[in-house]
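Summary of structural features
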Amino acid sequence: MSESPFPISNIGPLRIVVLASGRGSNLQALLDAQRIDGCQFEVTGVISDRSKSQALERARDAGVAAVALDPAHHQGSDAFDAALCATIDQLQSDLVVCAGYLRILSDATVQRYAGRIINIHPSLLPSFPGLRTHAQALAAGDTEHGASVHYVIPALDAGPVIAQVRVPVKTGDTTQVLAERVLAREHPLLVRCVALIAQGSIFQRGSDVYLDSCRLSHPLQLDDRDILQSMEH
Ligand code: GRF
């Protein structure tokens, strides 16, 4: 894994491309945040593998480039990923944010953007990589659940975790209720992580995450005031 050379562009806000397959509420959180004075990042494009995704509608509504890439129009996943990379590069992005992107990226794609690609995942990694995380947390009888933002590496949901947010699992929770509780906290978590990357405070080096040149021994934790705190460096 390579070192992340953030901030990549020294002039202007960090340019972000968001990959999203569906609803796009995490994308919306970024779009809303960038309207706030002093925001150091800007979503310059949204790419979806589903042409009818709400994420693309949200991008269009915000005046952001919205690109649909249909896997059926490409001969295999390598060709699809080549088109994906070409689009990301055309958008001149500094950071790729996977937010509800349901396709697995090829190793070559991940390596191309190493240190410049993050994902938001609805569990307290390393618990429950992959799908159906809320059902798994309930089935395991966990009393705490949450979400993680991590750098993407070729192994699924296994990259170094930047930050997490924790929510309680309550008696009688259904997967839907639990998913909604987590999702509401994903939005500030993702915005805070991207903001820290944009200001050059967070970066990846090898399999570690650094905060202001100190290696994090634990992921940052989002508190109730939406401030990311390090338990210890
Ligand atoms: C979120 O729960 C995210 O953690 C996961 O997929 C969901 C996407 O939701 N990767 P949205 O499309 O951002 O509303």
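Below is a short write-up of the structure.

Rules of the game
- Residues numbered from 1 in each chain as written.
- Predicted model: local features only at pLDDT ≥ 70, side-chain atom pairs only at ≥ 80, totals over all residues.
- Heavy atoms only, no water.
- Buried < 20%, exposed > 50% of the residue type's maximum accessible area, 1.4 Å probe, protein only.
- Helix = DSSP H or I, 4+ residues; strand = E, 2+ residues; numbered from the N terminus.
- Arc of directions from axis to C-beta.
- Contact = heavy atoms within 4.5 Å.
- Pairing = 2+ DSSP bridges.
- Near = heavy atom within 4 Å.
- Polar contact = N/O pair within 3.5 Å; in protein donor to acceptor, adjacent residues only side chain to side chain.
- Areas by Shrake-Rupley, 256 points an atom, 1.4 Å probe, with all protein chains shown as cover.
- Nonpolar A, V, L, I, M, F, W, Y, C, P; charged D, E, K, R; others polar.
- Axes fitted to C-alpha atoms, helices over the stretch in contact; angles between N-to-C directions.
- Right-handed = clockwise from strand over helix to strand, strands pointing away.

1. As for helix H2 (residues 54–61)
- When H2 is considered as a whole, its buried residues turn out to be Ala55, Leu56, Arg58 and Ala59. With its buried residues spanning 160 degrees around the axis, H2 presents them on a single face.
- The secondary structure elements touched by the buried residues of H2 are helix H1 (25–33), strand S2 (41–48) and strand S3 (65–68).
- Just beyond H2, the residue with positive phi is Gly63, at close to 75 degrees.

2. Some thoughts on the sheet that holds strand S9 (residues 208–211)
- The strand order S8-S9-S10 describes an open sheet built from 3 strands, whose pairing is antiparallel. The open sheet is flanked by strand S8 (202–205) and strand S10 (214–215), the only strands paired with a single partner.
- In terms of strand pairing, S8 meets S9 through 4 bridges, oriented antiparallel. Residue pairing for S9: Phe203 is matched across the bridge by Tyr210.

3. Let's talk about the site of the ligand
- Residues in close proximity to the ligand include Arg23, Gly24, Ser25, Asn26, Gly100, Ile120, His121, Pro122 and Glu186, which together make up its full environment.
- Within the side chain of Ser25, a nitrogen or oxygen atom sits 2.5 Å from an oxygen atom of the ligand.
- In isolation the ligand exposes 370 Å². Once the protein is present, 85% of that is buried.
- For the shell around the ligand, the elements supplying multiple residues, two or more each, are H1 and strand S5 (117–121).
- A breakdown of the residues in the shell around the ligand according to their chemical character gives 2 nonpolar, 5 polar and 2 charged.

4. Comments concerning the sheet that holds S2
- As summarised here, the arrangement of the 9 strands in space is S3-S2-S1-S4-S5-S6-S7-S11-S12, forming an open sheet in which the pairing is mixed. Strands with a single pairing partner mark the edges of an open sheet, and in this sheet they are S3 and strand S12 (228–229).
- Sheet topology places strand S1 (residues 14–19) next to strand S4 (residues 95–98); 4 bridges connect them, and they run parallel. Looking at S4, one finds that Ile16 is bridged to Leu95.
- Contacting S1, S2, S4 and S5, H1 runs over the sheet at an angle of about 150 degrees to S2.
- Contacting S1, S2, S4, S5, strand S6 (144–151), strand S7 (161–168), strand S11 (220–222) and S12, helix H6 (residues 175–198) runs over the sheet at an angle of about 155 degrees to S7.

5. As for the pairing of S1
- Extensive coverage of S1 is indicated by the burial of 5 of its 6 residues.
- Across 6 bridges, the pairing between S1 and S2 is parallel. The residue of S2 that forms the bridge with Arg15 is Glu42.
- Between S1 and its parallel partner S2, the chain crosses via H1, and the hand of that crossover is right-handed.

6. Considering H1
- With 7 of 9 residues buried, H1 is to be regarded as a mostly interior element.
- Every buried residue of H1 is listed here: Ser25, Asn26, Leu27, Ala29, Leu30, Leu31 and Ala33.
- Against the buried residues of H1 lie S1, S2, H2, S4, S5 and H6.

That is the geometry; function is a separate question.
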